[in-house]
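# Fold and geometry: a report
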Amino acid sequence: MLIEPTDSGLYCRRGDFYIDPWRPVPRAVVTHAHADHLVGGCARYLCSEAARPLVAHRLGGTGSMSALAYGEGVDIDGVHVSLHPAGHILGSAQVRVEHRGEVWVASGDYKRAPDPTCAPFEPQRCHVFITEATFALPIFRWDPAPAIVADIRAWIDDMRAAGRPAVLFAYALGKAQRLLAELADDAGGPVYIHGALAALVQIYRSAGVPLPPVTRVTDESRAKSFAGALILAPVSARGSLWMRRFGDHASAFASGWMRIRGARRRRAYDRGFALSDHADWDDVIGTCRETGAERVFVTHGFTQPLARFLSERGIQAAAWQTEYDGEPEADDEAVR
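Residues numbered from 1 in each chain as written. Predicted model: local features only at pLDDT ≥ 70, side-chain atom pairs only at ≥ 80, totals over all residues. Heavy atoms only, no water.

### Details of the overall build of the protein
Our working rule: Numbering of helices and strands runs from the N terminus, with a helix taken as a DSSP run of H or I at least four residues long and a strand as a DSSP run of E at least two residues long. Categorising residues by exposure relies on relative accessible area from a 1.4 Å probe, with only protein chains included: less than 20% of the type maximum marks a residue as buried, more than 50% marks it as exposed, and the intermediate range marks it as partly exposed. Whether two residues are in contact is decided by their heavy atoms, any of which lying within 4.5 Å being enough. Only four residue types enter the charge count: Lys and Arg as positive, Asp and Glu as negative, with His and the chain ends excluded. To locate a charge, the coordinates of NZ of Lys, CZ of Arg, CG of Asp or CD of Glu are taken.
Tallying secondary structure elements over the protein gives seven helices and 19 strands in all. For the protein, the residues scored as buried account for 56% of the 336 residues in total. Counting only contacts in the protein whose residues sit at least 6 apart along the sequence, the fraction spanning at least 24 positions is 60%. Each charge sign in the protein was given a centre, from 37 positive and 40 negative side chains, and these centres are 4 Å apart.

### Looking at the packing of aromatic side chains
Worth spelling out the cut-off: Here is the rule: rings of Phe, Tyr and Trp (six-membered ring for Trp) pair when centre to centre is within 6.5 Å. Planes less than 30 degrees apart are stacked, more than 60 are edge-to-face, and the remainder are tilted. Should the NZ of a Lys or the CZ of an Arg lie within 6 Å of a ring centre and within 35 degrees of the ring normal, that charge is described as sitting over the ring.
Taken as a whole, this structure holds 21 aromatic pairs when the rule is applied. A ring pair is formed by F297 and W320, whose centres lie 4.3 Å apart and whose planes are at 15°; its orientation type is stacked. Of this pair, F297 sits in strand β18 (residues 295–301) while W320 sits in the segment after β19 (316–319), placing them 23 residues apart in sequence. On the basis of relative accessible area, F297 is assigned to the buried category, the value being 8%. The residue whose ring lies beneath R238 is F169, and the NZ or CZ to ring-centre distance is 6.0 Å. Over the ring of F309 we find R313, and its NZ or CZ is 3.6 Å from the ring centre.

### As for the packing of helix α2 (residues 145–162) against helix α3 (residues 175–182)
Selection criterion: Axes here mean lines fitted to C-alpha atoms, for a helix over just the part in contact, with angles spanning 0 to 180 degrees between N-to-C directions. Oblique is the label for every angle not falling under 35 degrees (roughly parallel), over 145 degrees (roughly antiparallel), or within 65 to 115 degrees (roughly perpendicular).
Axis separation between α2 and α3 bottoms out at 11 Å; the angle between their running directions is 80°. In terms of orientation, α2 lies roughly perpendicular with respect to α3. Of the residues in α3, those touching α2 at A145, V149, I152 and R153 are R178, L179 and E182.

### Concerning the sheet that holds strand β13 (residues 191–193)
Our working definition: When DSSP finds at least two bridges between two strands, those strands are taken to pair.
Spatially, six strands are ordered β14-β13-β15-β12-β16-β17 in an open sheet, and the strand pairing comes out parallel. Both edges of this open sheet fall to β14 (215–216) and β17 (271–273), since each of them pairs with a single strand only. Packed onto the sheet, α3 meets β12 (166–169), β13, β15 (230–233) and β16 (250–254) and runs at close to 155° relative to β15.

Written out as structure tokens, the structure reads:
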């Protein structure tokens, strides 16, 4: 076992490093900056060059950090490690680990759909593939992103015509910036953001991601009219005092969970848009096949259904118990 699950995370014993540990360890290789994949307190961190500003922001300067460009490799105690685009959020990476001709790839979180905010997923041939399964059920099949974005624009236009603030909830890191980028060519009017998004939006801008102008909602904005405006907010803002300033507003949530019938009603959103930063069922299956892997380990999400499906089709597959969240249904894991 070149990589194995442990109480602290996925461990490469040969190289003495962990991939996305969930407890502090001496050496961590990080796939991306979401809270369930990035823990503070590690002595050393390795991430992609594109992820470095986000990782540094989330860690607050703790730990020694080094970074690799996509495709660049480094030897760690005789194990060759390289990072390759995962297409999940800015800087997200798959970790390719090679030792004596055996290749393992840990996907982290990933998606195959185009995204203007990050490098697209690059399949890696390997003997063993470690995949997520956040949306690995046949019910989860995404519509093309342009169609979903068109629906979002139409909803915003309807609210603008009605003179109502349109509050669009999204995960603070990744999804919020993707929404801004998708709407960059035609935001249709003023865009306001919650303060929790401000620093992250600026990091994306500094990385060269085109985003529309935004205004932070502050206490000084309390008396302002937001009629017809788009307000982008993290899920954690729902039900908070911050929301009261918007009065009679309409609410929507952009998440893959909105694919489930009734999910929007249960969460009391006016609209739901199934825009996800994870691979859907078809893309997870296709990716596992595309790697050519003889064995697949599944780390989080619908692990058992995916492992069973692959096993029935001749690929050795098993589920590993981990502490990754994938895309949580309710909590805003990006701003804990």
